[in-house]
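The lines below spell out each chain.
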Amino acid sequence: MKKVVKFGGSSLASAEQFKKVGAIIREDEARRYVVPSAPGKRFSSDTKVTDMLYACYASAEQEEDFSEQLDRIHERYQEIINGLGLKFSLDQDFEIIRKNFTEKAGKDYAASRGEYLNGKVMAAYLEFPFIDAAEVVRFNEDGTFNEEVTNELLSARLADMEYAVIPGFYGAKEDGTVVTFSRGGSDVSGSLVALAVGADIYENWTDVSGFLIADPRIVKNPKSIETITYKELRELSYMGASVLHEDAIFPVRKAGIPINIRNTNAPQDKGTLIVEGTCRKPKYTITGIAGTDGFAAITVEKAMMNSEVGFCRKVLQVFEDNGVSIEHMPSGIDTMTIFVHQNAFEEKEQKILAGIHKEVSPDHIELETDLALIAVVGRGMKSTRGTAGRIFSALAHAHINVKMIDQGSSELNIIIGVRHEDFKNAIRALYEIFVLTQI
């Protein structure tokens, strides 16, 4: 069995955290390929090493003396090395970084050194071979990621390697110029390594025990999600849930490799398993609740609208011509309502309204602002009767007026529109009825 394990910055912020990570890796011999992030914050007021590197390089760009800043970064790593009792030095690496900073090697190069250096420390600590991601993760000349070449390089390099440490977050162009991933960098790297070695599972270790059913800033101590499908994850992510970026999921999804989100500080917790599909019945009817606010609704009303061929297309064309993306579009016989991001709509609202009048000559247009959309997502809803009724009951009991409800044919999610001031109470009410009381 082969596992790829990726550790986030908080998991590698200090020697103490490194020891936890070491214990996790050594506990399971299947954990053979390690993808580390740069050291994160050791405490709330601390600074991430990546941010320190950005600041240091900014000074270098301004032709200022950055020696003291670079020395502080060196001290962070030395503290970890000393705490682990390693006979290992990064002195030569820091001299190379100093030289490259002076020669303006670029912001991406600067940012990538956090992972690069932590990878070297991790390799020394585990006594695993170290592979520089710049040699096996390829970007095109225009800075876009080249997945095909990367998979070829990684697969060939790791084919005969039982163990390896490959730092996350960065790669390089053909000429060696370092390029970083724009979002979820180390998560993407871990996914690419999992694909290249044909891993049985990709473990993503962080500081939480998997994904939560609801936002902990809104719901107190929400329960965690045991198993979630990629489709459910996408629905929750789209509605604002803080989950893995899509780029980090795609490589393993197409290979059918499950992702397990685990907690470095609570390794006994099973975390959340992300899978393509599953026969496992969910613990609750729903898998998760997510939402975001800042929407506006434009309701277009016209008698006999339903018999006017092309009516909806003409209205939507006005939004497209003005570069405004549509989020949802519930409709009636003589009305259609378009939900859009309010800040995008406000910039073009008069042009859009004039355009709608010109194209379809509506009887009336009504605008409503400061709305929120909430997604109730779950594969269990398909086999459970009365889900929509329970939603209405929960919101009515909380004295919340529903402005819109929209359910796709897949029965995987239901979208509810509410007023901004009801947003948090609505999520709490839905969590209570589906998770706490389960009536």
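The rules behind each value
- Residues numbered from 1 in each chain as written.
- Predicted model: local features only at pLDDT ≥ 70, side-chain atom pairs only at ≥ 80, totals over all residues.
- Heavy atoms only, no water.
- Helix = DSSP H or I, 4+ residues; strand = E, 2+ residues; numbered from the N terminus.
- Expected span 1.5 Å × (residues − 1).
- Contact = heavy atoms within 4.5 Å.
- Polar contact = N/O pair within 3.5 Å; in protein donor to acceptor, adjacent residues only side chain to side chain.
- Pairing = 2+ DSSP bridges.
- Axes fitted to C-alpha atoms, helices over the stretch in contact; angles between N-to-C directions.
- Buried < 20%, exposed > 50% of the residue type's maximum accessible area, 1.4 Å probe, protein only.
- Parallel < 35°, antiparallel > 145°, perpendicular 65-115°, else oblique.
- Left-handed = near helix turned anticlockwise from the far one by under 90°.
- Nonpolar A, V, L, I, M, F, W, Y, C, P; charged D, E, K, R; others polar.
- Phe/Tyr/Trp six-rings, centres within 6.5 Å; stacked < 30°, edge-to-face > 60°.
- Lys NZ or Arg CZ within 6 Å of the ring centre and 35° of its normal.
- Patch = residues over 30% accessible without salt bridge, like charges linked within 9 Å, V, L, I, M, F, W, Y side chains within 5 Å.
- Areas by Shrake-Rupley, 256 points an atom, 1.4 Å probe, with all protein chains shown as cover.
- Salt bridge = Lys/Arg side-chain N within 4 Å of Asp/Glu carboxyl O.
- Lys, Arg positive; Asp, Glu negative; His and termini not counted.
- Charge placed at Lys NZ, Arg CZ, Asp CG, Glu CD.
- Core = buried A, V, L, I, M, F, W, Y, C linked by side-chain atoms within 4.5 Å.

Student: Help me understand helix H1 (residues 15–27) in this model?
Tutor: Structural remark: α-helix, 3.6 residues per turn; residues separated by three or four positions point the same way. A rise of 1.5 Å per residue sets the reference length of H1, with its 13 residues, at 18 Å; its end C-alpha atoms lie 18 Å apart and thus fit the reference within 8%. Taken together, the buried residues of H1 touch strand S1 (3–7), strand S2 (31–36), helix H3 (67–83), helix H5 (107–126) and strand S6 (201–206).

Student: Any chance you could explain the side chain of Glu232 here in plain terms?
Tutor: With respect to the secondary-structure elements, Glu232 resides in helix H9 (residues 230–238). A polar contact of 2.5 Å, which involves the side chain of Glu232, links it to the side chain of Thr287. Excluding its chain neighbours within four sequence positions, the residues that come into contact with Glu232 are Thr287, Val377, Gly378, Arg379 and Leu412.

Student: Where do I start with the sheet that holds strand S13 (residues 364–377) in this structure?
Tutor: Sheets are built from strands paired through backbone hydrogen bonds, the pairs being either parallel or antiparallel. Taken together, the six strands give an open sheet; going across it, the order is S11-S12-S10-S13-S15-S14, and neighbouring strands pair in antiparallel fashion. With partners counted over all chains shown, the strands left at the sheet margins are strand S11 (326–328) and strand S14 (404–407), one partner each. When strand polarity is set aside, the average angle formed by the axes of neighbouring strands in this sheet is 40 degrees. Inspection of the sheet shows strand S10 (residues 288–301) paired to strand S12 (residues 335–341) by seven bridges, in the antiparallel sense.

Student: Help me understand the pairing of S12 in this model?
Tutor: Remark: a regular strand shows side chains that alternate across the two faces of the sheet. The element S12 is extensively covered by neighbouring structure, given that five of its seven residues are classed as buried. Of the strand pairs in this sheet, S11 and S12 are connected by two bridges, and their pairing is antiparallel. Across the sheet, His328 pairs through a bridge with Phe339, a residue of S12. What sits between S11 and S12 in their antiparallel hairpin is a turn of six residues.

Student: Even after reading the chapter, I still don't get the sheet that holds S1, so can you show me in this structure?
Tutor: If you walk across this open sheet you meet the seven strands as S3-S2-S1-S6-S8-S9-S7, and the pairing is mixed. At either end of the open sheet lies a strand with only one pairing partner, and these are strand S3 (164–165) and strand S7 (227–229). By the bridge criterion, three bridges tie strand S8 (residues 259–263) to strand S9 (residues 272–275) in an arrangement that is antiparallel. When the sheet's bridge partners are listed, Ile261 is paired in S9 with Thr272. Relative to S2, helix H8 (residues 185–197) is tilted by about 155 degrees, and along the sheet it contacts S1, S2 and S6.

Student: For this particular structure, what's the right way to read the packing of helix H7 (residues 147–158) against H8?
Tutor: Packed helices, taken two at a time, are described by the angle their axes make and the gap between the axes. The geometry of H7 relative to H8 is characterised by a closest axis approach of 8 Å and an angle of 60 degrees between their N-to-C directions. Classified by the angle between their axes, H7 and H8 sit oblique to one another. Both H7 and H8 take part in a crossing whose hand is right-handed. For the pair formed by H7 and H8, the contact residues are Glu147, Thr150, Asn151, Leu154, Ser155 and Leu158 on the first element and Leu192, Val193, Leu195, Ala196 and Val197 on the second. Grouping the amino acids of the contact of H7 with H8 by side-chain chemistry returns seven nonpolar, three polar and one charged.

Student: Would you mind showing me how to read the packing of aromatic side chains here?
Tutor: Aromatic ring pairs are reported here in terms of the distance separating the ring centres and the angle at which the planes meet. The full count for this structure, using the stated rule, is 11 aromatic pairs. Here the aromatic rings of Phe66 and Phe101 are separated by 5.9 Å at their centres, their planes lie at 50 degrees, and the arrangement is tilted. With Phe66 in the loop between helix H2 (49–61) and H3 and Phe101 in helix H4 (residues 91–102), this residue pair connects regions lying 35 residues apart in the sequence. Ring-pair connections join several aromatic residues into one group, and the members of that group are Tyr57, Phe66, Phe101 and Tyr109. Against the face of Tyr170 rests Arg113, its NZ or CZ located 5.4 Å from the ring centre.

Student: Teacher, can you tell me more about the packing of H2 against H3 here?
Tutor: Running from amino to carboxyl end, H2 crosses H3 at an angle of 160 degrees, the nearest separation of the two axes being 9 Å. Judged by the angle between their axes, H2 and H3 are roughly antiparallel. With respect to the hand of their crossing, H2 and H3 are arranged in left-handed fashion. Between H2 and H3, the residues in contact are Val49, Met52, Leu53, Ala55, Cys56 and Ser59 and Gln69, Leu70, Arg72, Ile73, Arg76 and Tyr77, respectively.

Student: Honestly, a negative patch on the surface in this entry has me stumped. Any pointers?
Tutor: Negative charge collects at one region of the surface, where Glu301, Asp334, Asp363 and Glu366 lie side by side. On the secondary structure map, Glu366 appears in strand S13.

Student: Looking at this model, I keep getting lost on the pattern of salt bridges. Mind explaining?
Tutor: Pairing between side chains becomes possible if they bear opposite charge and their charged atoms approach one another. Counted by the stated rule, this structure contains 26 salt bridges. In this structure, Lys120 and Asp93 form a salt bridge, with 3.1 Å as the shortest nitrogen-oxygen distance. Highlighted residues: Lys120 in helix H5 and Asp93 in helix H4, separated in sequence by 27 residues. You can call Lys120 partly exposed: its relative accessible area is 21%. Here Arg98 ties to Glu95 by a salt bridge, and the two come within 3.7 Å at their closest N and O atoms. One end of the pair is Arg98 and the other is Glu95, both in helix H4 and three residues apart, which spans about a single turn.

Student: Help me understand H2, please; the structure alone is not making it clear to me.
Tutor: Taking 1.5 Å per residue as the helical rise, H2 with its 13 residues ought to reach 18 Å, and the 18 Å between its terminal C-alpha atoms agrees with that figure. Those residues of H2 that fall on the buried side of the exposure criterion are Val49, Thr50, Met52, Leu53, Cys56, Tyr57, Ser59 and Ala60. In this structure, the buried residues of H2 make contact with H3, H4 and H5. Glu63 sits one or two residues past H2 and shows a positive phi near 65 degrees.

Student: Honestly, the nonpolar core in this entry has me stumped. Any pointers?
Tutor: The nonpolar side chains of a soluble globular protein tend to be buried with one another. Core analysis: the largest hydrophobic core is formed by 117 residues, its most contacted members being Phe101 and Leu158. Beyond its immediate sequence surroundings of up to four residues, Phe101 is in contact with Leu53, Cys56, Tyr57, Ala60, Phe66, Tyr109 and Ala110. Membership of the second largest hydrophobic core comes to 18 residues, among which are Ile298, Phe311, Phe319 and Val340.

Student: Would you mind going over the environment of Val136 with me for this structure?
Tutor: By secondary structure assignment, the location of Val136 is in helix H6 (residues 133–136). Val136 sits 285 residues away from Glu421 along the chain, and the two C-alpha atoms are 50 Å apart. If we skip the residues at most four places from it in the chain, Val136 touches Ile131, Thr150, Leu153, Leu154, Arg157 and Ile166.

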